[in-house]
Amino acid sequence: MKKWSSAVLPLTIMLVLVALTAWLRYATELPDATRDGRNRHDPDAILSDVRGHKLDAAGALLYRIEAAEVRHYPDDETSELLQPRLAYVSPAKPTVTIRANEARATAKAEKVELSGQVEIRRAASGRQAALLAEMPELTVLSEEKRGFTGSKVLITQGSSWVQGVGMQVDHGLQTYVLESQVRGEIESPFARKKKPKT
């Protein structure tokens, strides 16, 4: 019995030392620094003259996106586009094209923030003249076919014009709703045309 009790103390001390050594190693171990570039905001790919298409499940074209240059950043999975052009194409509706000097897009381009001379052009159709909306910035939710801005907007269509601050755009419904400080001049399609004086 005496031999057993004399062995317990050294074994206990050794187990405590092993546990403390394991804890000390775990507590002081630094995480391995990844060298894949995810911690830096540097582009991992730079592409020129880029064209992309989004198709629905049946293979019909939903929209096209083009850019003179695209820089992809792996740290936040965003892309910067120079001279982007986004076009919504539908056989039943006029084509809507959005252009800007630059843009920033999320990983799958669900959200595109355009800036620098942003233009929305809706092609003429039937009795409607072509529409042009100009603003300094616009955020587009490409999958939802919607956009919005809080900046000053000028919309012209034929000889009509309207301007305001802030706008909600719905490309599916082809609507443009100005939010505040709206003023403009709209030509009635029923107005009689004045005959030129001879």
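Before reading on, note that the structure itself is shown above.
Note that the structure is a prediction, hence the values are computed from the model and not measured.

**A closer look at the overall build of the protein chain**
Now for step 1: A tally of helices and strands in the protein chain yields 1 helix and 11 strands.
Now for step 2: Moving toward the C terminus, one meets the helices and strands of the protein chain in the order α-β-β-β-β-β-β-β-β-β-β-β.
Now for step 3: By residue count, 27% of the 198 residues in the protein chain fall in the buried class.
Now for step 4: Taken as a whole, the protein chain presents about 14,100 Å² of accessible surface, with 58% of it coming from carbon and sulfur.

**Examining the side chain of Asp 170**
Now for step 1: Note that Asp 170 resides in strand E10 (residues 160-170).
Now for step 2: Arg 146 is the oppositely charged side chain nearest to the buried, salt-bridge-free Asp 170, at an N-O distance of 6.0 Å.

**Things to note about the pattern of salt bridges**
Now for step 1: Tallying each qualifying case throughout the model produces 9 salt bridges.
Now for step 2: A salt bridge links Glu 143 to Lys 54, with the shortest nitrogen-to-oxygen separation between them at 3.6 Å. Linking Glu 143 in the loop between strand E8 (131-141) and strand E9 (146-157) with Lys 54 in strand E1 (residues 45-55), this pair joins segments that are 89 residues apart in sequence.
Now for step 3: On the basis of relative accessibility, which here comes to 30%, the residue Lys 54 falls in the partly exposed class.
Now for step 4: In this structure, Glu 80 engages Arg 104 in a salt bridge whose closest nitrogen and oxygen atoms are separated by 3.2 Å. Remark: Arg 104 occurs in strand E6 (residues 102-105) and Glu 80 occurs in strand E3 (residues 78-82); sequence separation between them is 24 residues.
Now for step 5: Judged by its relative accessible area of 28%, Arg 104 is partly exposed.
Now for step 6: Residues participating in the shared-partner salt-bridge network are Asp 76, Glu 80 and Arg 104.

**Topic: unusual backbone geometry**
Now for step 1: Despite not being glycine, Glu 77 shows a phi value in the positive range, around 55°.
Now for step 2: The phi dihedral of Gln 117 is positive, around 50°, even though this residue is not glycine.
Now for step 3: Counting through the fold element by element, Gln 117 comes out in strand E7 (residues 111-122).

**A short note on the pairing of strand E11 (residues 175-185)**
Now for step 1: Pairing geometry for E10 and E11, over 8 bridges, is antiparallel. Across the sheet, residue Gln 168 finds its bridge partner in E11, namely Val 177.
Now for step 2: The turn joining E10 and E11, which pair antiparallel and follow one another in sequence, is formed by 4 residues; a positive phi near 60° is taken by Gln 174.

**Quick look at the side chain of Gln 163**
Now for step 1: Within the secondary structure layout, Gln 163 lies in strand E10.
Now for step 2: With a relative accessible area of 15%, Gln 163 lands in the buried category.
Now for step 3: Contacts of Gln 163, omitting those with residues within four sequence positions, involve Lys 152, Val 153, Leu 154, Leu 178, Gln 181, Val 182 and Arg 183.

About the criteria used
- Along every chain, residues carry numbers that run from 1 in the direction the sequence is written.
- Only residues with pLDDT of at least 70 get local features here, since the model is predicted, and only at 80 or more are side-chain atom pairs given and counted; chain-wide, interface and lining totals rely on the full set of residues.
- Only heavy atoms go into the side-chain values, all of them from the structure, while hydrogens and water stay out.
- Only DSSP runs of H or I reaching four residues or more are called helices, and only runs of E reaching two or more are called strands; each is numbered from the N terminus.
- Working definition: with a 1.4 Å probe on protein chains only, accessible area under 20% of the residue-type maximum means buried, over 50% means exposed, and in between means partly exposed.
- The protein chains shown are the only cover counted for residues, whose accessible areas, like all others here, come from Shrake-Rupley with a 1.4 Å probe.
- As used throughout, the charge tally considers Lys and Arg to be positive and Asp and Glu to be negative, leaving His and the chain termini uncounted.
- In what follows, salt bridge is the name for a side-chain nitrogen of Lys or Arg lying within 4 Å of a carboxyl oxygen of Asp or Glu.
- Should DSSP find at least two bridges between two strands, the strands are taken to pair.
- Here, residues are in contact when the closest pair of their heavy atoms is within 4.5 Å.

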